Amino acid sequence: MTAPKKLFIKTYGCQMNVYDSERMAEALGPSGYTEVSSPEEADMILLNTCHIREKAAEKVYSELGRLKGLKAAKPDLKIGVAGCVAQAEGEEIMTRQPLVDLVVGPQSYHRLPAMEARARSGEKVLDTDFPEEDKFEALKSRPKARRGPTAFLTVQEGCDKFCAFCVVPYTRGAEVSRPVDRIRAEARDLVERGVREITLLGQNVNAYHGEGPDGRDWTLARLIRELAEIDGLARLRFTTSHPNDMDDDLIAAHGDCAKLMPYLHLPVQSGSDRILKRMNRSHDRDSYLRLIDRIRTARPDILMSGDFIVGFPEETDQDFRDTMRLIEEVQYGQAFSFKYSTRPGTPAAERPQVAEDVKTARLAELQGLITTQQRALQDAMVGQTVGVLFEKPGRQPGQMVGKSDHLHAVHVEATDIAPGDLRQVRIIASGSNSLSGTLI
Ligand code: SAH
Ligand code: SF4
Ligand code: F3S
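Conventions and cut-offs
- Residues numbered from 1 in each chain as written.
- Chains lettered and ligands numbered in written order.
- Predicted model: local features only at pLDDT ≥ 70, side-chain atom pairs only at ≥ 80, totals over all residues.
- Heavy atoms only, no water.
- Helix = DSSP H or I, 4+ residues; strand = E, 2+ residues; numbered from the N terminus.
- Rg over C-alpha atoms; globule rule 2.2 N^0.38 Å.
- Buried < 20%, exposed > 50% of the residue type's maximum accessible area, 1.4 Å probe, protein only.
- Near = heavy atom within 4 Å.
- Nonpolar A, V, L, I, M, F, W, Y, C, P; charged D, E, K, R; others polar.
- Polar contact = N/O pair within 3.5 Å; in protein donor to acceptor, adjacent residues only side chain to side chain.
- Contact = heavy atoms within 4.5 Å.
- Domains from an automatic or database assignment.
- Buried area = accessible area lost by both parts, 1.4 Å probe.
- Salt bridge = Lys/Arg side-chain N within 4 Å of Asp/Glu carboxyl O.
- Pairing = 2+ DSSP bridges.
- Axes fitted to C-alpha atoms, helices over the stretch in contact; angles between N-to-C directions.
- Expected span 1.5 Å × (residues − 1).
- Core = buried A, V, L, I, M, F, W, Y, C linked by side-chain atoms within 4.5 Å.

**With respect to the overall build of the protein**
Phase 1: Helix and strand counts for the protein come out as 15 helices and 19 strands.
Phase 2: In terms of overall size, the protein behaves like a compact globule, its C-alpha atoms giving a radius of gyration of 22 Å where 440 residues would be expected to give roughly 22 Å.
Phase 3: Overall, the C-alpha framework of the protein stretches about 60 × 60 × 50 Å when taken along its three principal axes.
Phase 4: Buried residues in the protein amount to 54% of all 440 residues.

**With respect to the site of ligand 3**
Phase 1: Taken together, C14, N17, T49, C50, H51, I52, C84, R172 and Q203 make up the full set of residues near ligand 3.
Phase 2: Within the shell around ligand 3, the residues separate by chemical class into four nonpolar, four polar and one charged.

**Some thoughts on the side chain of N17**
Phase 1: Tracing the chain through its elements places N17 in helix α1 (residues 15-27).
Phase 2: Accessibility expressed as a relative area gives 2% for N17, which makes it buried.
Phase 3: Engagement of the side chain of N17 in a polar contact is seen with the backbone oxygen of T49, the distance being 3.0 Å.
Phase 4: The residues contacting N17, other than those within four sequence positions of it, are T11, Y12, N48, T49, C50 and R172.

**A short note on the domain arrangement of the protein**
Phase 1: In terms of domains, the protein is made up of domain 1 (5-127), domain 2 (145-379) and domain 3 (385-439).
Phase 2: Measuring from the centre of the C-alpha atoms in domain 1 to the corresponding centre in domain 2 gives 28 Å.
Phase 3: Listed by partner, the interface residues are 18 residues for domain 1 and 22 residues for domain 2.
Phase 4: Together, the buried faces of domain 1 and domain 2 total about 1,700 Å²; carbon and sulfur atoms form 52% of this surface.
Phase 5: Interface area lost by domain 1 to domain 2 is led by M16, Y19 and R53, which between them contribute 36%.
Phase 6: When the shortest N-O distance is used, the salt bridge between R147 and E22 registers 3.4 Å.
Phase 7: Where domain 1 meets domain 2, there are ten residue pairs in polar contact (both at pLDDT 80 or more).

**Topic: the site of ligand 2**
Phase 1: Contacts to ligand 2 come from C159, K161, F162, C163, F165, C166, V168, P169, N204, H242 and R281.
Phase 2: Each residue belonging to the shell around ligand 2 can be placed in one class, and the counts come to seven nonpolar, two polar and two charged.

**Regarding the sheet that holds strand β17 (residues 409-413)**
Phase 1: Taken in spatial order, the five strands line up as β15-β16-β17-β19-β18 and close into a barrel, and their pairing is mixed. With direction set aside, neighbouring strand axes in the sheet form an average angle of 50°.
Phase 2: Here strand β15 (residues 385-393) runs beside strand β18 (residues 422-430); their pairing, made up of five bridges, is antiparallel. Within the sheet, the bridge partner assigned to T385 lies in β18 and is R426.

**Some thoughts on the environment of I370**
Phase 1: Examined against the element boundaries, I370 turns out to sit in helix α15 (residues 356-379).
Phase 2: For I370, a relative accessible area of 4% puts it in the buried group.
Phase 3: In this structure the C-alpha to C-alpha distance between I370 and T438, which are 68 residues apart in sequence, comes to 28 Å.
Phase 4: The residues touching I370, leaving out its near neighbours within four places in the chain, are F308, I327, Y332 and A335.

**Digging into α15**
Phase 1: Look at α15: 34 Å from first C-alpha to last across 24 residues, which is about the 34 Å you get at 1.5 Å a residue.
Phase 2: By the burial criterion, the buried members of α15 are K359, R362, L363, L366, L369, I370, Q373 and Q378.
Phase 3: In this structure, the buried side of α15 is in contact with β13 (303-310), α14 (317-330), β14 (334-339), β18 and β19 (435-439).

**A closer look at the nonpolar core**
Phase 1: Residues L200 and Y332 are the most contacted members of the largest nonpolar core, which totals 53 residues.
Phase 2: Not counting residues within four places of it along the chain, the set of residues in contact with L200 comprises L153, V155, V205, L220, L223, I224, L227, R237, F238 and T239.
Phase 3: Within the second largest apolar cluster, 23 residues are counted, among which are V36, A42, L47 and V81.

**Side note on the pairing of β13**
Phase 1: Among the eight residues in β13, eight count as buried, and that is most of the element.
Phase 2: Residue alternation in β13 divides its side chains into two sets, L303, S305, D307 and I309 and M304, G306, F308 and V310, and both sets are buried.
Phase 3: Sheet topology places strand β12 (residues 263-265) next to β13; three bridges connect them, and they run parallel. In the sheet register, H265 faces β13, and the bridge partner there is S305.
Phase 4: In terms of strand pairing, β13 meets β14 through six bridges, oriented parallel. Across the sheet, I309 pairs through a bridge with F338, a residue of β14.

**Remarks on the side chain of H254**
Phase 1: Looking at the element boundaries, H254 is found in helix α11 (residues 248-256).
Phase 2: Here H254 falls in the buried class, since its relative accessible area comes to 1%.
Phase 3: If near-sequence neighbours (up to four positions away) are discounted, H254 is found in contact with F238, L260, M261, Y263, L264, R299 and I302.

**Thoughts on α1**
Phase 1: Over its 13 residues, α1 extends 18 Å from the first C-alpha to the last, a length consistent with the 18 Å expected when each residue adds 1.5 Å.
Phase 2: Turning to α1, its buried residues are M16, N17, Y19, D20, S21, R23, M24, A25, E26 and A27.

**Focus on the packing of α11 against helix α13 (residues 285-298)**
Phase 1: Put simply, α11 and α13 touch, their axes get as near as 7 Å, and they point 40° apart. Taken together, the residues of α13 that come into contact with α11 (itself represented by D248, I251 and G255) are L291, R294, I295 and A298.
Phase 2: A per-class count over the contact of α11 with α13 returns four nonpolar, one polar and two charged.

**Some thoughts on the environment of V268**
Phase 1: Looking at the secondary structure, you find V268 in the loop between β12 and α12 (273-278).
Phase 2: Here V268 falls in the buried class, since its relative accessible area comes to 0%.
Phase 3: With near-sequence residues (within four places) excluded, V268 lies in contact with L276, R281, H283, Y288, D307, F308, L326 and Y332.

Below is the structure:
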């Protein structure tokens, strides 16, 4: 038996990192680790990092700086860096910050227990390989603990699209899809442990083409229809999609699969054809707008979400106006927007850059428009009846909070609701970030 030890994981970046952090905690269970919620208690600290923008990547170094005191007070404390910065910067992390004992890239998490043992014995260990073996297969030994009502499940990882601004194809590697059987087994296991809503994850989730039980490649739509058969599973979502991989069956599933929720995150990045071409996005403005029309024909009340980059190299004022016009046409219920950040090793990093103050002004204007749309679509829910999956008590006594089918946060005053209950709610008011309603 291994001595009991405490693990603290801090997660940055996207939902896939949240999923990966859960898997890393489980992988280290047999080594004696249980998770704790403060770094001060920990025998090992793992930073699960994000490399998508410069600010995100730099956070890890300031966090490591803050951990210096802890390490000095507790020399046995092991510090590890995982995730996309680990993959991208590898050895450089250990050079820049000698207190780091362990660096592990996203494709090597199944090797973490062996790496931890070596770090315990005083070695510095680094693994940023893209190994042949299936990391998920080795990570599946999960404890049977109860879980909250919602969970992420990675079905696809990596990206072959190589958008000119993006590090993901380098940090996560080539597109890989997990086989249907394993996903189904994991989904069933989650449901047995109390999960009622699963969000299928992938950097390009709708490019999913995992092996089905019949030996053929299955599409994401087929996988969703299969998972929808699981008793006790009430809701399915998926993220993130690329416009070019929205096939007819997936669009149809939004209309005819009752468990697939009416919310779709479909990043477009820009509304200017000139910029989309330079971004290597391989779709244009018009094809994106037509795609959204088809999706809304299948599911008229679907809430659209997107990602936008402002100030991509050579973006002119006219290009930015085209993006604003696209947003006005689509009407987003949610959107994430960023100033372009130069990423070393990506093609766009070498091109003429837009001035920082121009980026700042464009971002503020774009976010103003998005906020207005978001608010209008949220306000429009007042008077409607929606499904709400309750997750936890709200801030006020007697209040419960959950998410609507359209992913709005909803508060309800009621004493007879438990986390995991899915109830019909009539929306009565719209606040700044959430809705409130009454049970039907
Ligand atoms: N796989 C997803 C998400 C990738 S990262 C997709 O293809 O949509 C999430 C978002 O970060 C992207 O959609 C993009 O809007 C933003 N992003 C990626 N690289 C960036 C960069 N270099 N600068 C600013 N934003 C970036
Ligand atoms: Fe990055 Fe583009 Fe791949 Fe998305 S599709 S992960 S933005 S390269
Ligand atoms: Fe960041 Fe890696 Fe996710 S770069 S957004 S943590 S895939």
